[in-house]
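An overview of the molecular structure
Listed below are the residues making up each chain.
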Amino acid sequence: MFRTLLFHQPFQSPSMKKSILTLAAASLLTLPVLGAPTGSPAITFHSDAYQEVGDDNLFSFLIGTTEDAEFTVVDGLGERDITITPADIDPSTGSWTGTWISLKAPASGIIKFYGDPSSIDVVIAEGAYVTSVEMPDLTNLDILDLSHNALQKLDLSSFSKLQAIYLTDNPFTTETPLKIGGNKPNLAILEIDIIDHI
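So, here is what we can say about the structure in this document. Every residue gets a number counted from 1 within its own chain, in the order that chain's sequence is written. Owing to the predicted nature of the model, reporting of local features is limited to residues with pLDDT of at least 70; listing and counting of side-chain atom pairs is limited to 80 or more, with chain, interface and lining totals taken over all residues. Only hydrogens and water are set aside when side-chain values are computed; all heavy atoms of the structure are taken into account.

**Digging into a negative patch on the surface**
Applicable threshold: Each patch is built from residues lacking any salt bridge and having more than 30% relative accessible area; the joining distance is 9 Å for like charges and 5 Å for nonpolar side chains (Val, Leu, Ile, Met, Phe, Trp, Tyr). Surface accessibility in these figures is a Shrake-Rupley result with a 1.4 Å probe; residues are shielded only by whichever protein chains are displayed. Within this document, salt bridges are pairs made up of a side-chain nitrogen of Lys or Arg and a carboxyl oxygen of Asp or Glu, the two lying within 4 Å of each other. For the purpose of charge, His is not counted, nor are the chain termini; Lys and Arg are scored as positive and Asp and Glu as negative. Charge positions come from single atoms, namely NZ of Lys, CZ of Arg, CG of Asp or CD of Glu. Helix and strand labels come from DSSP, where a helix needs a run of H or I of at least four residues and a strand needs a run of E of at least two; each type is numbered from the N terminus. Buried, partly exposed and exposed residues are distinguished by accessible area as a fraction of the type maximum, computed with a 1.4 Å probe on protein chains only: under 20%, between the cut-offs, and over 50%, respectively.
Negative charge collects at one region of the surface, where Glu67, Asp68, Glu70, Glu79, Asp81 and Asp116 lie side by side. Note that aspartate 81 resides in strand β4 (residues 78–84). Relative accessible area serves as the criterion here: at 59%, aspartate 81 is assigned to the exposed category.

**Some thoughts on the packing of aromatic side chains**
Filter applied, for reference: Pairing of aromatic side chains here covers Phe, Tyr and the six-membered ring of Trp, requires ring centres within 6.5 Å, and sorts the geometry by plane angle: under 30 degrees stacked, over 60 edge-to-face, intermediate tilted.
For the structure on display, the rule yields three aromatic pairs. Plain terms: the ring middles of phenylalanine 45 and phenylalanine 113 are 6.1 Å apart, the flat faces sit at 75° to each other, and that makes the pair edge-to-face. Of this pair, phenylalanine 45 sits in strand β1 (residues 43–47) while phenylalanine 113 sits in strand β8 (residues 110–114), placing them 68 residues apart in sequence. By relative accessible area, which is 1% here, phenylalanine 113 ends up buried.

**Section: the side chain of threonine 44**
Test applied: Should any heavy atoms of two residues lie within 4.5 Å, those residues are considered in contact.
Mapped onto the elements of the fold, threonine 44 is located in strand β1. With near-sequence residues (within four places) excluded, threonine 44 lies in contact with Ile110, Ile111, Lys112, Ser132, Val133 and Glu134.

What follows is the structure, given as structure tokens:
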């Protein structure tokens, strides 16, 4: 036996329907976007790769953490969640191993990493037309490689745990020099080739 169910819909005038739809649309606008990064980014890179290469620019950065950590990356490829692992050097090849992240500079040039900045201890961002980097809360940064970029300024004064800094082939200027700063008892490697603007 089949039973037919009928649902009764209360009477709604056209103006009432319009009011309900307007209210529903307004409430959707106030909802936060699920998954959107919140707070300040751990690292913000500014890159001229889009201006220099165009929309086909693509490069990889290695970000290493003290232990596996979740981050959100926002760049020209969109927004995505990634797990970043500890970075190390493979003794047989001398190459870095860890989480290499494919990136694309958008027209704005801004690439952001959201997550716990204190977990990041390695940043290798070579050859990506990086003009500046903001990373004020990377308190455990040990290794920094920004070689072969377009850095115009960089202040490393607050990074006391740095052990190695690689900055070869960057055009620091008199107005915006490189500042290494003191209080770096573990610094063993400082690689730079332009020493006019330190």
